[in-house]
Amino acid sequence: MRPSPPCWTRTRRAHHTSEVAVQDHHVERLHALDAIRGYALLLGIVFHATMSFIPIYSGLLWPVHDLHRSDALSLTFYVLHTFRMMLFFIVAGFFGRLSLGAKGRRPWLIDRLKRIGLPLLISWPIAWGLCSGIYIWGAMVMRSENNFRRHLWSGLPEVPFLHLWFLYILLLFYVLWLGTIALADRHPRARDRCAAWLDRLVACSVRHPAGVLLLAAPMTLALWLTPRWRMWFGIVTPDRSLVPPLSSFFIYALAFGLGWFLHRQRGLLDTWRRRWLPNLAMAMLFTALSLWIVGLKARSIPVYDDTAKAWYAATYALASWFWCYALMGLALRYLDHNSATRRYIADSSYWLYLVHLPIVMALQVAVASLDWPWWIKFGIIMTVGLGLMFASYQYFIRYSFVGTFLNGKRQREPAHRIVYESPPRAAAPQGTPQQ
């Protein structure tokens, strides 16, 4: 008799009409979560496009600093950084467990290595080489060294992962989580008790109005313990080392684990759908409080006052989680249906994110010294950059082996599908022969 799957990966009986089966790979597409995943990656492009316009340069490792700075883009950078990658890791955890239930452990791990590991292995040296050239170009434009050596290579164990760090972190999560599952299988009673306890914890964090504190409290502690924390820049980006900063790794692991256990209780998603508006209000409130504490102007100087760090860490953590709750609920409320446009964006977003950084950086360097308003230059960067990225996906990737490798095979639709149909024949009068 075949043993039942472990509690860590077992799919519970559906309690909500939006639940989908995962018995095989022909699963119903979760349109809202697909949209979140795609838009979170696109917001990463916007995020990086703002960085040359932030009104500080010292300590901000970027190839160029634009002639015209923008407080509006600085605040855009700030707000996006509070939730963008946490939201992505929640969705990654949810889809990770869904895929594991559909494939099984060994095929799932092979699939993750193929879709996550190989893109990292192939894309990183190309991106690093292109960004190195762009940093040299930026140094020539600004007549400075622009931290070229420090940002792009400092020797092992420091590795400049650039924008591809999230792939490395995902691989670490997958390997560690499979190891945890394998270890838990040796102690089934403890495994089942621990899984049940975590289920209750996740349910409380979503259902109870104050449940967000269960997630915000450990995140607050992680931020407060971050050494030399530059508070205005929030969560430290783990893009420079094979050993990621402990605080960042813990925070993103918390988001990944939330998504993983949400898949065990998918009816909880309906709570987010119903409460998206109050959660959005709370996100905006705590974001405003965070900015009131740290200031509207970007600052890269570390803060050593423990009291200030504690208050700011708490408001920042609450803002981050409320943004995640609100945007998940907003998507579930308004985007949980099939849309060809959103499907296309979700499919293309992975490729766009892999290739965007050299394109965005090059455009930033090209316009940095022009005496044009910042909003015109930012518009050029986004319009030209996204145009090039979408064109490369449509004409070179979508129907190629690379597109199949990243997102699965796509059937090419004819440019013009014309169907000629004969109109229905009218009944002929009696006695009149039909043609």
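Small disclaimer: the values here were computed from a predicted structure and weren't measured.

K.L.:
Help me understand the overall build of the protein in this model?
P.N.:
Of the regular secondary structure elements, the protein holds 14 helices and zero strands. Buried positions account for 50% of the 435 residues belonging to the protein. The long-range fraction of contacts in the protein, counting pairs at least 24 apart against all pairs at least 6 apart in sequence, stands at 82%. Carbon and sulfur atoms make up 65% of the accessible area of the protein, which amounts to about 22,100 Å² in all.

K.L.:
Explanation requested: the pattern of salt bridges in the structure shown.
P.N.:
Should the charged atoms of two oppositely charged side chains come close, the side chains can pair. Under the counting rule described, the total for this entry stands at 13 salt bridges. Between Asp 185 and Arg 105 there is a salt bridge, with its nearest N and O atoms 2.7 Å apart. With Asp 185 in helix H5 (residues 165-185) and Arg 105 in helix H3 (residues 105-142), this pair connects stretches of sequence that are 80 residues apart. Assessed through its relative accessible area of 28%, Asp 185 is described here as partly exposed. Residue class for Arg 105 comes out partly exposed when judged on its relative accessible area of 30%. Linked by salt bridges that have partners in common, Arg 105, Asp 185, Arg 191 and Asp 192 make up one network.

K.L.:
Is there a simple way to think about empty space enclosed by the protein in this case?
P.N.:
The gaps of empty space that remain are located by a probe, the size of a water molecule, rolled over the atoms. A full pass over the atoms with the stated rule returns two cavities of 30 Å³ or more. Here the largest cavity is characterised by a volume of approximately 80 Å³. Taken together, eleven residues make up the lining of the largest cavity; nearest its centre are His 31, Asp 34, Ser 339, Arg 342 and Arg 343. Every element with two or more residues in the lining of the largest cavity is listed here: helix H1 (31-49) and helix H12 (340-368). Partitioning the lining of the largest cavity into residue classes produces three nonpolar, four polar and four charged. Each pocket or cavity is described by its volume, and for the second largest cavity that value is around 30 Å³. The wall of the second largest cavity is formed by Arg 230, Met 231, Trp 232, Val 294, Arg 299, Ile 301 and Val 303. Here the lining of the second largest cavity is composed, by residue class, of five nonpolar, no polar and two charged.

K.L.:
Is there a simple way to think about unusual backbone geometry in this case?
P.N.:
The general pattern is negative phi for most residues beyond glycine and trans for most peptide bonds. Even without being a glycine, Leu 162 presents a positive backbone phi close to 55 degrees. In this structure, Leu 162 sits in the loop between helix H4 (148-152) and H5. Positive phi, normally seen in glycine, also occurs at Arg 228, with a value near 50 degrees. Along the chain, Arg 228 turns up in the loop between helix H7 (213-224) and helix H8 (246-262).

K.L.:
Looking at this structure, how should I read the packing of H1 against helix H2 (residues 71-103)?
P.N.:
A pair of packed helices is characterised by two quantities: the angle between their axes and the separation of those axes. Relative to each other, H1 and H2 sit at 145 degrees, their axes nearing to 9 Å. Viewed along their axes, H1 and H2 form a crossing whose handedness is left-handed. On the side of H1, the interface is formed by Leu 33, Asp 34, Ile 36, Arg 37, Ala 40, Leu 41, Leu 43, Gly 44, Val 46 and Phe 47, while H2 contributes Phe 77, Leu 80, His 81, Phe 83, Arg 84, Leu 87, Phe 88, Val 91, Phe 94 and Phe 95. Here the residues of the contact of H1 with H2 are counted per class, giving 15 nonpolar, two polar and three charged.

K.L.:
Where do I start with H3 in this structure?
P.N.:
One full turn of an α-helix is made of 3.6 residues, so residues set three or four places apart face in the same direction. Ser 123 marks the point of greatest bend in H3, at about 30 degrees, and the proline Pro 125 comes within the next four residues. Trailing H3 by a residue or two, Arg 143 shows a phi angle of about 55 degrees, which is positive.

K.L.:
Got a minute to help me understand the packing of aromatic side chains in this structure?
P.N.:
How two aromatic rings sit relative to each other is given by the distance of their centres and the angle of their planes. If you walk through the whole model with that rule in mind, you get 33 aromatic pairs. With 5.7 Å between their ring centres and 75 degrees between their planes, Phe 77 and Phe 233 make a pair best called edge-to-face. Of this pair, Phe 77 sits in helix H2 while Phe 233 sits in the loop between H7 and H8, and the two are 156 residues apart along the sequence. Like Phe 233, Phe 77 is buried. Taking the ring centre of Phe 95 as reference, the NZ or CZ of Arg 37 above it sits at 4.4 Å.

K.L.:
Explain the confidence of the model for the protein here, please?
P.N.:
Caution is warranted with low-pLDDT regions, since their predicted coordinates should not be read in detail. Looking at the protein, the pLDDT average stands at 83 and 82% of residues meet or exceed 70. Note that residues 1-27 has pLDDT below 50 and, in this model, 53 contacts with residues that lie over four places away or in other chains. This model gives residues 415-435 a pLDDT under 50, and the stretch forms two contacts once residues within four places in sequence are excluded.

K.L.:
Help me out: how do you make sense of the nonpolar core in this one?
P.N.:
A general trend in soluble globular proteins is that nonpolar side chains are found buried together. Grouped together as the largest cluster of nonpolar side chains are 126 residues, with contacts concentrated most on Phe 89, Phe 166, Leu 262 and Trp 321. Counting residues per element, this core draws most heavily on H2, which supplies 17 residues. Look past the residues within four positions of Trp 321 in its chain and what remains in contact with it is Met 86, Ile 90, Val 212, Leu 215, Ala 216, Met 219, Leu 254, Ala 255 and Leu 258.

K.L.:
I keep staring at helix H10 (residues 276-294) and nothing clicks. Help me out?
P.N.:
For H10, spanning 19 residues, the distance from its first C-alpha to its last is 27 Å, which sits close to the expected 27 Å at 1.5 Å a residue. Restricting attention to buried positions, one finds in H10 the residues Trp 276, Asn 279, Leu 280, Ala 283, Phe 286, Thr 287, Ser 290, Leu 291 and Val 294. Summarising the axial view, the buried residues of H10 lie within an arc of 140 degrees, below the 170-degree limit, and thus occupy one face. Along its buried surface, H10 packs onto H2, helix H9 (269-274) and helix H11 (306-334). With its phi angle positive at about 100 degrees, Gly 295 sits one or two positions after the end of H10.

The rules we used
Residues numbered from 1 in each chain as written. Predicted model: local features only at pLDDT ≥ 70, side-chain atom pairs only at ≥ 80, totals over all residues. Heavy atoms only, no water. Helix = DSSP H or I, 4+ residues; strand = E, 2+ residues; numbered from the N terminus. Buried < 20%, exposed > 50% of the residue type's maximum accessible area, 1.4 Å probe, protein only. Contact = heavy atoms within 4.5 Å. Areas by Shrake-Rupley, 256 points an atom, 1.4 Å probe, with all protein chains shown as cover. Salt bridge = Lys/Arg side-chain N within 4 Å of Asp/Glu carboxyl O. 1 Å grid on protein atoms, 1.4 Å probe; cavity = no way out; pocket = protein on both sides within 12 Å on 5 of 7 lines; lining within 4 Å. Points joined across faces, edges and corners; volume = space filled by probe spheres on them. Nonpolar A, V, L, I, M, F, W, Y, C, P; charged D, E, K, R; others polar. Axes fitted to C-alpha atoms, helices over the stretch in contact; angles between N-to-C directions. Left-handed = near helix turned anticlockwise from the far one by under 90°. Bend = angle between axes of the 7 residues up to and from the residue. Phe/Tyr/Trp six-rings, centres within 6.5 Å; stacked < 30°, edge-to-face > 60°. Lys NZ or Arg CZ within 6 Å of the ring centre and 35° of its normal. pLDDT = per-residue confidence, 0-100. Core = buried A, V, L, I, M, F, W, Y, C linked by side-chain atoms within 4.5 Å. Expected span 1.5 Å × (residues − 1). Arc of directions from axis to C-beta.

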